[in-house]
Amino acid sequence: MSIHENLLGGPAPTHLPDDPEPRELLAAGTAPADVAAKYPMSSLAWAQLADEAYEGGRVVESYAYARTGYHRGLDALRRAGWKGHGPVPFEHEPNRGFLRSLHALSRAAQAIGEQAEYERCSTFLRDSSQTAADILG
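Source: prediction; values computed, not measured.

1. Describing the packing of aromatic side chains
And then number 1: With the rule as written, the count across this model stands at five aromatic pairs.
And then number 2: Relative to F98, the ring of Y70 lies with its centre 6.1 Å away and its plane at 25°, an arrangement referred to as stacked. On the criterion of sequence distance, the pair formed by Y70 in helix α4 (residues 59-79) and F98 in helix α5 (residues 96-111) is long-range, its members being 28 residues apart. Taken as a pair, Y70 and F98 share a single burial class, namely buried.
And then number 3: Taken together through their ring pairs, the aromatic side chains of Y70, W82, F98 and F124 make up a single cluster.
And then number 4: One residue, R96, lies across the ring of F90, its end atom 4.5 Å from the ring centre.

2. Quick look at the pattern of salt bridges
And then number 1: Tallied over the full model, the rule gives eight salt bridges.
And then number 2: The closest approach of N and O atoms between E117 and R67, which form a salt bridge, is 1.9 Å. In this pair, E117 sits in helix α6 (residues 115-128) while R67 sits in helix α4, placing the two residues 50 residues apart along the sequence.
And then number 3: On the basis of relative accessible area, E117 is assigned to the buried category, the value being 9%.
And then number 4: The closest approach of N and O atoms between R120 and E117, which form a salt bridge, is 3.3 Å. Taken together, the residues R120 and E117, both in helix α6 and three residues apart, mark about one turn of the helix.
And then number 5: Overall, the relative accessible area of 39% leaves R120 in the partly exposed class.

3. A short note on the packing of α4 against α5
And then number 1: Relative orientation of the contacting elements α4 and α5 amounts to 145°, with a least axis distance of 8 Å. Handedness of the α4/α5 crossing: left-handed. When α4 is examined against α5, the residues V59, S62, Y63, A66, R67, G69, Y70, G73, L74 and L77 are found in contact with a partner set consisting of F98, S101, L102, A104, L105, R107, A108, A109 and A111.
And then number 2: Looking at the contact of α4 with α5 residue by residue, the classes come out as 13 nonpolar, four polar and two charged.

The rules behind the values
- Residues numbered from 1 in each chain as written.
- Predicted model: local features only at pLDDT ≥ 70, side-chain atom pairs only at ≥ 80, totals over all residues.
- Heavy atoms only, no water.
- Phe/Tyr/Trp six-rings, centres within 6.5 Å; stacked < 30°, edge-to-face > 60°.
- Helix = DSSP H or I, 4+ residues; strand = E, 2+ residues; numbered from the N terminus.
- Buried < 20%, exposed > 50% of the residue type's maximum accessible area, 1.4 Å probe, protein only.
- Lys NZ or Arg CZ within 6 Å of the ring centre and 35° of its normal.
- Salt bridge = Lys/Arg side-chain N within 4 Å of Asp/Glu carboxyl O.
- Axes fitted to C-alpha atoms, helices over the stretch in contact; angles between N-to-C directions.
- Left-handed = near helix turned anticlockwise from the far one by under 90°.
- Contact = heavy atoms within 4.5 Å.
- Nonpolar A, V, L, I, M, F, W, Y, C, P; charged D, E, K, R; others polar.

Below is the structure:
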């Protein structure tokens, strides 16, 4: 038996490939809109746009940004071999853009009264990464 064998029988964790350029630009203070325009596949840029819009009271705008980041992240997860369920560890930094977008979508859905979507996204976040759910709120 390998020490890396999944004894619970579930799918292996999905680790998105690293895409450091958008992350480095955001860390250096580049405007998230500029990063999203240059790297539209970056869930992290969309998640940051969603967070800024939400903090500014622009909930519908936050919802739209979060939904974009969420769908970009789903596309990336599928390309990485994800089959629609299983762990997406927050500990793997390239996964954080997707997880942050999922959290932002959940938060914005609740704020606009989309209770079913809020519950679905909250459950999806916990099922993907309990750590992300704990850290992101």
